[in-house]
There are 2 protein chains.
Amino acid sequence: MTSLQDLDTPAALVDTARMQRNIARMQERMDALGVRFRPHVKTTKCLPVAQAQIAAGARGITVSTLKEAERFFDAGVRDILYAVGMAPARLPQALALRRRGCDLKIITDSAAGARAIAEFGRAQGEAFEVWIEIDVDGHRSGIPPEGEALLEVARVLVQGGMCLGGVIAHAGSSYDHDTPEALRRIAEQERAGTVRAAGRLRDAGLPCPVVSVGSTPTALAAATLEGVTEVRAGVYVFFDLVMHNVGVCGTGDIALSVLTTVIGHQEEKGWAIVDAGWMAMSRDRGTQKQKRDYGFGQVCTEGGEVLPGFLLSGANQEHGIVSGTDGACADIAQRFPIGTRLRVLPNHACATGAQHPVYYAIGPGGQAEAWPRFQGW
Amino acid sequence: MTSLQDLDTPAALVDTARMQRNIARMQERMDALGVRFRPHVKTTKCLPVAQAQIAAGARGITVSTLKEAERFFDAGVRDILYAVGMAPARLPQALALRRRGCDLKIITDSAAGARAIAEFGRAQGEAFEVWIEIDVDGHRSGIPPEGEALLEVARVLVQGGMCLGGVIAHAGSSYDHDTPEALRRIAEQERAGTVRAAGRLRDAGLPCPVVSVGSTPTALAAATLEGVTEVRAGVYVFFDLVMHNVGVCGTGDIALSVLTTVIGHQEEKGWAIVDAGWMAMSRDRGTQKQKRDYGFGQVCTEGGEVLPGFLLSGANQEHGIVSGTDGACADIAQRFPIGTRLRVLPNHACATGAQHPVYYAIGPGGQAEAWPRFQGW
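Just so you know, these numbers come straight off a predicted model, no measurement behind them.

What counts, and where the lines are drawn
Residues numbered from 1 in each chain as written. Chains lettered and ligands numbered in written order. Predicted model: local features only at pLDDT ≥ 70, side-chain atom pairs only at ≥ 80, totals over all residues. Heavy atoms only, no water. Helix = DSSP H or I, 4+ residues; strand = E, 2+ residues; numbered from the N terminus. Buried < 20%, exposed > 50% of the residue type's maximum accessible area, 1.4 Å probe, protein only. Least-squares fit on C-alpha atoms with pLDDT ≥ 70 in both. Contact = heavy atoms within 4.5 Å. Pairing = 2+ DSSP bridges. Salt bridge = Lys/Arg side-chain N within 4 Å of Asp/Glu carboxyl O. Phe/Tyr/Trp six-rings, centres within 6.5 Å; stacked < 30°, edge-to-face > 60°. Lys NZ or Arg CZ within 6 Å of the ring centre and 35° of its normal. Domains from an automatic or database assignment. Polar contact = N/O pair within 3.5 Å; in protein donor to acceptor, adjacent residues only side chain to side chain. Nonpolar A, V, L, I, M, F, W, Y, C, P; charged D, E, K, R; others polar.

**Student:** Go over unusual backbone geometry with me, naming the residues and quoting the values.
**Tutor:** In the segment running from Thr9(A) into Pro10(A), the intervening peptide bond is cis, with an omega of -5°. With respect to the element layout, Pro10(A) can be found in the segment before strand E1 (11-15). Notably, Lys45(A) is not glycine yet its phi reads approximately 45°, a positive angle. One can find Lys45(A) in the loop between strand E2 (36-37) and helix H2 (47-55). For Lys45(A), a relative accessible area of 3% translates into the label buried. Even without a glycine there, the phi angle at Ser282(B) is positive, about 80°.

Encoded structure:
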C-alpha cells in the first residue's frame, strides 16, 4: 500500500480524520437545528468525499456546474441542486439529466431567465423544478426579498407551468467578517431575508416548499434557523486559512494541505525554495486582506505539525519561497536541507484543490489512497 | 466541424492567427540575434502549440515538471531542459527518461544539490547533463555570477563525473518593469551576469558550452545577446494583460481568452453576472499592482473586439461580475442581455490556461478545434 512517504511532490493531501470530524461537526449542528443539509461539492469534486458527507446524513448535494451534476448523478446521487443561475443555452443539458431520472433543481433570479426556462420547458413538455435566488447581502446574484420582482419571477414560472420549488440564498459576504457577533448577524440576515421572501410568495398564494440558505461561516454561526428547511455549505469539509481567519476553525481542523520538497536555498535571505508554487497552491491570496496574511500558505512539518513563523511567502509557477515571518532565518539551509518534505496549509481549499487531478487521502497510519477529482466544464 | 458558436461556456479560446504571429515574431527576433530559441511549454502544456513553436524554428523545449518532460518526449520531442532545481528524490525519474533516449538536461544551484546528482549518477553509471542556475536579479533561485559558490558547484559536478552543460538564468524581475529603458536594462543585466558566470567557469578550465537566458520581457527587449547561446520564453506565445502592462504586446496580440455567457444582472449596480468566475480565469490578479488594474480580465465581444471600459471586476468560483470601469452602467441588462456571449482577456495566460483541460483553437473562419492540455505532476 502507498504511504505518505512514497508520494511524489507536490501533492494534495487530505487528512481523513480531520475531514470526518469536520463532516460530523456540521451534520450534528444541522441535525440539532432541525434542517436538512445539502453540501456543496464544488469544493472537492471528489466522489469519496461526497459519499462521506452523504453517509453522515447529508440529503442531496449542491453543484456549481452541470458537469458536476452529471458526474455525481452517474455515481448514484439523484437529488442535485445546480446553484448557478441557469443559462438558457444549458437547458437542453439540464433536460437530459432530468430525463435520465436526475432530480435536478435549477435556479433563476430574473423574469427574463424565468421566461427562458418556462418557454423551453413548455416546448419540451418538462416542468423544471426552479428555485428563485434571493439577494440577502448585495454580494452577487439574486432578487431582493422585498419588491415586485420576486413575485413577477414566481408568476412567470408558475403560469409557465414550471414547478416553483423554493427560494435560495447565499450570504457570501460572511467571508468578510471575523467576529462571532458579526457572523451571527450576517447569518440572521441571510435567514431572515430568505424566510421573508418565502413568506411573501406564500402570502401571494404561490408555493415555496424549500427555504435554502448557507455558507460555511453562516451555517456554523447561525443562532436559529427558524423557517429554513435546508442549509448548504462547501468549504467546511476541509476548511482553510481564510476560514481560520473568519474564526470558524482552528489550523488543526484544516484537512487539506500540499506536500512539498525543499529544492534549494537563498541563505542570505533566509529562504528555502520548495517545489510547491502557485500551480500547486493556486494564486488565491484570500488571507491578504484578513487579520492575518498567510502569504501563499502556512508551513508545517511533513507529519502536519504547524511550524509557527514559517510561511510560503512567495510563489511562481513551480517554485515556492518558504521564509520566516520574523525576518531572515539565519540557519534556513540547516533547518530545511534539500530534500526536506513539508506540508503547506492553503488559503482557500476550493482553489487549491482545483489545481490537482487527485487528492491523496492520508489515513491515521500514514497510508495514502488516491481520490481522483475532476476539472473543467 | 465545431465552430465558436457551438462551444459551451466557459471555454478557453486560442486565436490561432495571433498565436502564429506571436511565435513568428519571437523566432524572427531570435534568428536575427543569432541565438537558439527554446520555448517554455509550461505556459500551455499543449502539444499542438509546442509543435507550432518547433515548426517555426525552436530548438528543444523547456519544462517546469518531469511530467511535462515525459509527455513531450512521448510525443517526439527529444531535447528537453527541466528548468526547476533538481530534487534528489526525482533523480530516478530523470534517469528513466535519459535511459529511454531523452536528451534531458537538469539544473542545480548548490553544492548539496550537485553532490546528490553526482552521487546518484555515479551509482547508476549515468553522466547527467547539468546546467548551473545563475541568480541575476535576486528574484528567486540561483548562484551569484561572482563568488566561490559557482566554481564549487561546477567542480562537484565535473569531479563527480557529470557533464557540465552550461549556465542558465531567468530574470523574473523583468515582470516588475514597464518602460523600454528599464526592460533593456534588466535584459542586459540578465545577459551580462550569465555570460560573466560562463566566463568564470571557462577561465577556471571548466566547460560551459551553453549560456541560456530568458523571460518574455527580456527576450523581446534585449538590445544584444552577445555571449548567449540560447533564449527561453513561455508566455509570449499567448501574451496576456500583465505583458501588455509590461509593454511588450498590445491587447490585439493576446491569443488566449475565456468565452463566457451572461447569466444574470444586478441592474442598479451596473453588473452583468457571467459564468466565468475564478475557476475559468484563475485567481491571478497580476495586474493589481501594475499601471493598469484589469480586475480579473478585459471584456471583449464574442468575436474578440475589446469593449473599452468593461472589466471582469469580480470573480467567485463559477460567477464573474462584468462592470464598467467608469462606474455604473445604467443599461447593462439591455447592453448584455441574458445569454450574451463575451470573451475575457486574462491577466496571466499560464494561470488561466491551467484551469482548463482543453483549449479551443479558433481558426480564421471561426472553426474550433479541441487542443487538450494536461494537469498535475
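Okay, back to it.
**Student:** Explain the relation of the copies chain A and chain B residue by residue, including any values.
**Tutor:** Overlaying chain A with chain B gives an RMSD of 0.0 Å, the required rotation being 180° about an axis along which the chain moves by 0.0 Å. Taken together, these values place the two copies in the relation of a two-fold axis. No C-alpha of chain A approaches the rotation axis more nearly than that of Arg283(A), which lies at 2.5 Å. Taken as a fraction of all interface residues of chain A, those also at the interface in chain B reach 98%, which identifies the copy contact as same-surface.

**Student:** Describe the side chain of Ser212(B), naming the residues involved and giving the relevant values.
**Tutor:** All names here are of chain B. Looking at the secondary structure, you find serine 212 in strand E8 (residues 210-213). Among the residues examined, serine 212 registers a relative accessible area of 0% and is labelled buried. Once residues lying within four places of it in the same chain are set aside, the contact partners of serine 212 are Trp131, Val167, Ile168, Ala169, Thr194, Glu230 and Arg232.

**Student:** Account for the sheet that holds strand E9 (residues 230-231) of chain B, naming residues and giving values.
**Tutor:** Residue and element names in this part refer to chain B. Taken together, 8 strands build an open sheet; the order of strands is E2-E9-E8-E7-E6-E5-E4-E3 and the sheet is parallel. Edge positions in the sheet fall to strand E2 (36-37) and strand E3 (61-63), since each has one partner strand and no second. By the bridge criterion, 2 bridges tie E2 to E9 in an arrangement that is parallel. When the bridges of E9 are listed, phenylalanine 37 appears paired with valine 231.

**Student:** Could you give an account of the pattern of salt bridges, naming the residues involved and the relevant values?
**Tutor:** Per the stated rule, a full pass over the model turns up 36 salt bridges over all chains. Where Arg90(A) meets Asp8(B), a salt bridge forms, and the shortest distance between an N and an O atom there is 3.3 Å. With Arg90(A) in the loop between strand E4 (79-82) and helix H4 (91-99) and Asp8(B) in the segment before strand E1 (11-15), this residue pair bridges two chains. With a relative accessible area of 6%, Arg90(A) lands in the buried category. Here Glu230(B) and Arg38(B) are joined by a salt bridge, their closest N and O atoms 3.0 Å apart. Highlighted residues: Glu230(B) in strand E9 and Arg38(B) in the loop between E2 and helix H2 (47-55), separated in sequence by 192 residues. The same class applies to Glu230(B) and to Arg38(B), which are both buried.

**Student:** Give me the lowdown on the packing of aromatic side chains, citing residues and values where you can.
**Tutor:** The final tally for this structure, using the stated rule, is 10 aromatic pairs over all chains. Relative to Tyr359(B), the ring of Phe238(B) lies with its centre 5.4 Å away and its plane at 85°, an arrangement referred to as edge-to-face. In this pair, Phe238(B) sits in the loop between E9 and helix H9 (241-246) while Tyr359(B) sits in strand E16 (residues 358-362), placing the two residues 121 residues apart along the sequence. We note that Phe238(B), like Tyr359(B), is buried. Between Phe310(B) and Phe336(B), the ring centres sit 5.2 Å apart and the planes meet at 85°, which makes this aromatic pair edge-to-face. With Phe310(B) in strand E13 (residues 306-315) and Phe336(B) in the loop between helix H11 (332-335) and strand E15 (341-345), this residue pair connects regions lying 26 residues apart in the sequence. Directly above the ring of Trp271(A) sits Lys269(A), whose terminal nitrogen or CZ lies 4.6 Å from the centroid. Looking at Arg285(A), its charged tip hangs above the ring of Phe296(A), at a distance of 5.6 Å from the centre.

**Student:** Mind laying out the domain arrangement of chain A, listing which residues take part and the relevant values?
**Tutor:** Residue and element names in this part refer to chain A. The domains assigned to chain A are domain 1 (34-237) and domain 2 (251-372). On the surface where domain 1 and domain 2 come into contact, there are 0 salt bridges. Taken together, domain 1 and domain 2 are joined by 2 residue pairs in polar contact (both at pLDDT 80 or more). Classifying every residue of the side of domain 1 that touches domain 2 gives 6 nonpolar, 2 polar and 3 charged.

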